[in-house]
2 protein chains.
Amino acid sequence: MDRMIPPLETLAEQFGRLPGIGRKTAQRLAYHVVSLPAGEAKTFAQAIVSAQEAVRRCAVCCDLTDQELCAVCRSTGRDGATLCVVEDPRDVAAIERTHEYRGLYHVLHGVISPLNGVGPEALTVKELLARLRDSAAVREVIMATNPTVEGEATAMYLSRLLKPLGLTVSRLAYGVPVGADLEYADEVTLARALEGRRAL
Amino acid sequence: MDRMIPPLETLAEQFGRLPGIGRKTAQRLAYHVVSLPAGEAKTFAQAIVSAQEAVRRCAVCCDLTDQELCAVCRSTGRDGATLCVVEDPRDVAAIERTHEYRGLYHVLHGVISPLNGVGPEALTVKELLARLRDSAAVREVIMATNPTVEGEATAMYLSRLLKPLGLTVSRLAYGVPVGADLEYADEVTLARALEGRRAL
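About the thresholds
- Residues numbered from 1 in each chain as written.
- Chains lettered and ligands numbered in written order.
- Predicted model: local features only at pLDDT ≥ 70, side-chain atom pairs only at ≥ 80, totals over all residues.
- Heavy atoms only, no water.
- Helix = DSSP H or I, 4+ residues; strand = E, 2+ residues; numbered from the N terminus.
- Rg over C-alpha atoms; globule rule 2.2 N^0.38 Å.
- Buried < 20%, exposed > 50% of the residue type's maximum accessible area, 1.4 Å probe, protein only.
- Contact = heavy atoms within 4.5 Å.
- Areas by Shrake-Rupley, 256 points an atom, 1.4 Å probe, with all protein chains shown as cover.
- Lys, Arg positive; Asp, Glu negative; His and termini not counted.
- Charge placed at Lys NZ, Arg CZ, Asp CG, Glu CD.
- Pairing = 2+ DSSP bridges.
- Axes fitted to C-alpha atoms, helices over the stretch in contact; angles between N-to-C directions.
- Buried area = accessible area lost by both parts, 1.4 Å probe.
- Salt bridge = Lys/Arg side-chain N within 4 Å of Asp/Glu carboxyl O.
- Polar contact = N/O pair within 3.5 Å; in protein donor to acceptor, adjacent residues only side chain to side chain.
- Phe/Tyr/Trp six-rings, centres within 6.5 Å; stacked < 30°, edge-to-face > 60°.
- Lys NZ or Arg CZ within 6 Å of the ring centre and 35° of its normal.
- Least-squares fit on C-alpha atoms with pLDDT ≥ 70 in both.
- Right-handed = clockwise from strand over helix to strand, strands pointing away.
- Parallel < 35°, antiparallel > 145°, perpendicular 65-115°, else oblique.
- Left-handed = near helix turned anticlockwise from the far one by under 90°.
- Expected span 1.5 Å × (residues − 1).

Here we take up the overall build of chain A. Helix and strand counts for chain A come out as eight helices and six strands. Element order for chain A, N to C, with α for helix and β for strand: α-α-α-β-β-α-β-α-β-α-β-α-β-α. Taking 2.2 N^0.38 as the reference for a compact globule, 200 residues should give roughly 16 Å; the C-alpha atoms of chain A span a radius of gyration of 22 Å, well beyond that estimate. Its C-alpha atoms give chain A principal-axis dimensions of roughly 70 × 45 × 35 Å. Residue burial in chain A is summarised as follows: out of 200 residues, 40% are buried. Summarising the internal contacts of chain A: among those between residues at least 6 apart in sequence, 47% fall at separations of at least 24. On chain A, roughly 11,300 Å² of surface is accessible, and the fraction owed to carbon and sulfur atoms is 55%. Charged side chains in chain A number 23 positive and 25 negative. The centres of these two groups are separated by 2 Å.

So this is what it looks like as C-alpha cells:
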C-alpha cells in the first residue's frame with residue numbers, strides 16, 4: 001500500500017531541512033500545518049517570505065537587521081573603542097541581555113571549520129579587516145566565539161590577523177559557570193578556572 | 001537597547017505556534033530561515049500553502065489525502081469487514097508499516113478530553129456512526145486509540161455506542177513491548193501483560 005500524500009511529503013521534507021528537526025518531527029509539523037485553517041497557513045508562509053526579504057546584514061557589523069544599519073550600529077550611546085567578535089546573531093542577543101557590554105559587535109556568521117569546508121573567506125573576516133583599517137576608533141577586539149575547538153581556532157586565527165594592526169585582542173574568560181556545581185564541571189573547565197583565578 | 005527586528009520576531013512567533021517548538025527553537029529556526037537564499041525560503045513557504053490547500057480528509061475514513069478518497073479506501077484489496085479506529089493520521093501510517101493489517105480505518109482526529117474541552121462532537125464520531133449504519137460489511141471494530149487515560153476513555157465511549165449496532169468491538173492488546181527489558185516495564189503494563197497471558 002502506497003500511503004504517500006505528495007504535498008504532505010514535500011512539506012515534511014522542507015521542515016526536515018531545518019536545523020535540529022529530524023524526520024519524525026518534520027512529519028509531525030507537516031501534519032500539524034495541513035490541519036491549520038487556510039488563513040493561518042498563509043500567515044505562516046507569508047511570515048517566512050517577508051522575513052527572508054526584509055532581514056539583511058547590517059552594512060557595518062554584519063548582524064541581522066531590517067534596516068541599513070542594525071540598532072547597535074545606529075545607536076549613538078555605544079563605546080566605539082571596543083569591538084566584540086561573535087559567531088552568530090544570536091550571540092549578540094545573548095551578550096545584550098547581560099546589559100554589561102556597551103561596545104560594538106562584529107558577526108562572523110560562522111566559524112572556521114576545515115572539516116566542513118568553511119574557510120575564513122566564507123565568514124565576514126574581510127569586512128572585519130576593512131572596518132578596522134577604516135576606523136581608528138577601535139582599541140580592543142574581544143574574541144567572543146564559542147568555547148569550542150572551532151571557536152577557539154577561529155579566535156586564534158583572527159587574533160594573529162589583528163595583532164599587527166596594533167590592537168588589543170582579548171578572549172572571554174573561561175571558568176566555572178555561575179550557579180553550577182563544581183562536582184559536575186569537566187576537568188578542562190575546572191583547570192581553566194584554577195589557572196584564571198583572581199585575588200579576592 | 002532594543003534589538004527587535006520585527007519580521008524576524010513575527011517569524012519566530014509563527015514557528016513557536018507549532019507543536020513541540022519552544023521559544024528558543026523557534027528563534028533558532030527563524031534565524032535560519034532568514035539566512036536562506038530567497039528561492040529556498042519561497043519554496044518552503046509555497047510547500048506550506050500547497051500542502052494546506054491540497055490535503056483534505058478522505059470522504060470515507062477521514063484520514064488525510066490529496067484526493068477524494070485516501071489510498072486505503074480507494075484500494076480494492078482491503079478487508080471491508082474490519083475497521084480500525086485511530087486518533088491520528090500518523091497512527092494509520094504506523095499500523096500500515098506493520099504490513100499485518102488488511103482492513104479499513106477510521107481517523108478520529110483527536111480523543112475525548114473534557115479537560116481540554118474536546119467532546120465527541122469535535123471528533124469524527126458522527127462520520128463513524130453514519131458509516132457503520134450505511135454499510136453492513138463491517139463486522140469488527142478495533143479500538144486502536146492510544147493506551148493513555150484519554151485514549152482509553154474514548155475507546156470505552158465508542159464501544160458503548162457501537163455495541164448496540166451488533167458489532168464486535170475489540171481493543172489492542174496490552175503487554176510488554178517486544179524487545180524491552182521486564183525490569184524497566186512499569187507495574188501497570190506488567191500487570192496487564194500477566195492478565196493477558198496466553199498458552200504456549
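A few words on unusual backbone geometry. Residue and element names in this part refer to chain B. For C62, which is not glycine, the phi torsion reads 70° and is therefore positive. At H99, a residue that is not glycine, the phi angle is positive and equals roughly 55°. Inspection of the secondary structure puts H99 in the loop between α5 (89–98) and β4 (103–107).

Turning our eyes to something else, we now look at the sheet that holds strand β4 (residues 103–107) of chain A. Residue and element names in this part refer to chain A. The four strands lie next to each other as β4-β3-β5-β6, forming an open sheet whose pairing is parallel. Two strands close off the open sheet at either side, each with one partner strand: β4 and β6 (168–171). Ignoring which end each strand starts from, the neighbouring axes of this sheet average 25° apart. Pairing geometry for strand β3 (residues 79–86) and β4, over five bridges, is parallel. If you follow L83 over to β4, its bridge partner there is L104. Sitting on the sheet, helix α6 (residues 125–134) touches β3, β4 and β5 (140–143), and the angle it makes with β4 is about 145°.

Contacts between chain A and chain B engage 54 residues on the former and 54 residues on the latter. Both faces considered, chain A and chain B share a buried interface measuring about 4,600 Å² in area, 72% of it formed by carbon and sulfur atoms. Here chain A is connected to chain B by two salt bridges. If you look at where chain A meets chain B, you find four residue pairs in polar contact (both at pLDDT 80 or more).

Before going further, it helps to examine the sheet that holds strand β6 (residues 168–171) of chain B. All names here are of chain B. The strand order across the open sheet built from four strands is β4-β3-β5-β6, with neighbouring strands paired in parallel fashion. Looking at the sheet topology across the chains shown, the edges are occupied by β4 and β6. Mean inter-strand twist for the sheet, computed between neighbouring axes without regard to direction, equals 25°. Pairing between strand β3 (residues 79–86) and strand β5 (residues 140–143): four bridges, direction parallel.

On to the packing of aromatic side chains. Aromatic ring pairs: the centre-centre distance and the angle between the two ring planes describe each pair. For the coordinates displayed, the defined rule picks out six aromatic pairs over all chains. Among the aromatic residues, those joined into a ring-pair cluster are F15(A), F44(A), F15(B) and F44(B). Between R192(A) and the ring centre of Y174(A), over which it is positioned, the NZ or CZ distance is 4.4 Å.

For these two chains of identical sequence, chain A goes onto chain B by a turn of 180° and a shift of 0.0 Å along the axis, with RMSD 0.1 Å. The relationship between the two copies is best expressed as a two-fold rotation axis. Identified as the residue of chain A closest to the rotation axis by C-alpha distance is A45(A), at 2.1 Å. Of the interface residues in chain A, 100% have counterparts in chain B that sit at the interface too, so the contact is made through matching surfaces.

Okay, the pairing of β5(A) next. All names here are of chain A. Bridging between β5 and β6 involves four bridges; their strand directions are parallel. Across the sheet, residue E140 finds its bridge partner in β6, namely T168. Considered for its hand, the β-α-β crossover made up of β5, helix α7 (residues 149–162) and β6 is right-handed.

Okay, the side chain of S159(A) next. Turning to its location among the elements, S159(A) is positioned in helix α7. Leaving out residues up to four positions away in the same chain, S159(A) has contacts with M143(A) and V169(A).

Here the focus is the packing of helix α1 (residues 6–16) of chain A against helix α2 (residues 23–34) of chain A. Packed helix pairs are characterised by how far apart their axes lie and by the angle those axes make with each other. All names here are of chain A. Put simply, α1 and α2 touch, their axes get as near as 8 Å, and they point 125° apart. The angle between α1 and α2 falls in the class oblique. Of the two possible hands of crossing, α1 and α2 adopt the one that is right-handed. Every residue of α2 that contacts α1 at L8, L11, A12, F15 and G16 is listed here: A26, Q27, L29, A30, Y31, V33 and V34.

Take the side chain of Q14(A) next. Mapped onto the elements of the fold, Q14(A) is located in helix α1. Residues in contact with Q14(A), not counting those within four places in the same chain, are E40(B), T43(B), F44(B) and A47(B).

The next point concerns helix α3 (residues 38–54) of chain A. With 17 residues, α3(A) should reach 24 Å at 1.5 Å per residue; the first-to-last C-alpha distance of 24 Å fits that figure. Taken together, the buried positions of α3(A) are occupied by A41(A), F44(A), A45(A), A47(A), I48(A), V49(A), A51(A) and Q52(A). Close packing links the buried residues of α3(A) with α1 and α2 of chain A together with α1 (6–16), α2 (23–34) and α3 (38–54) of chain B.

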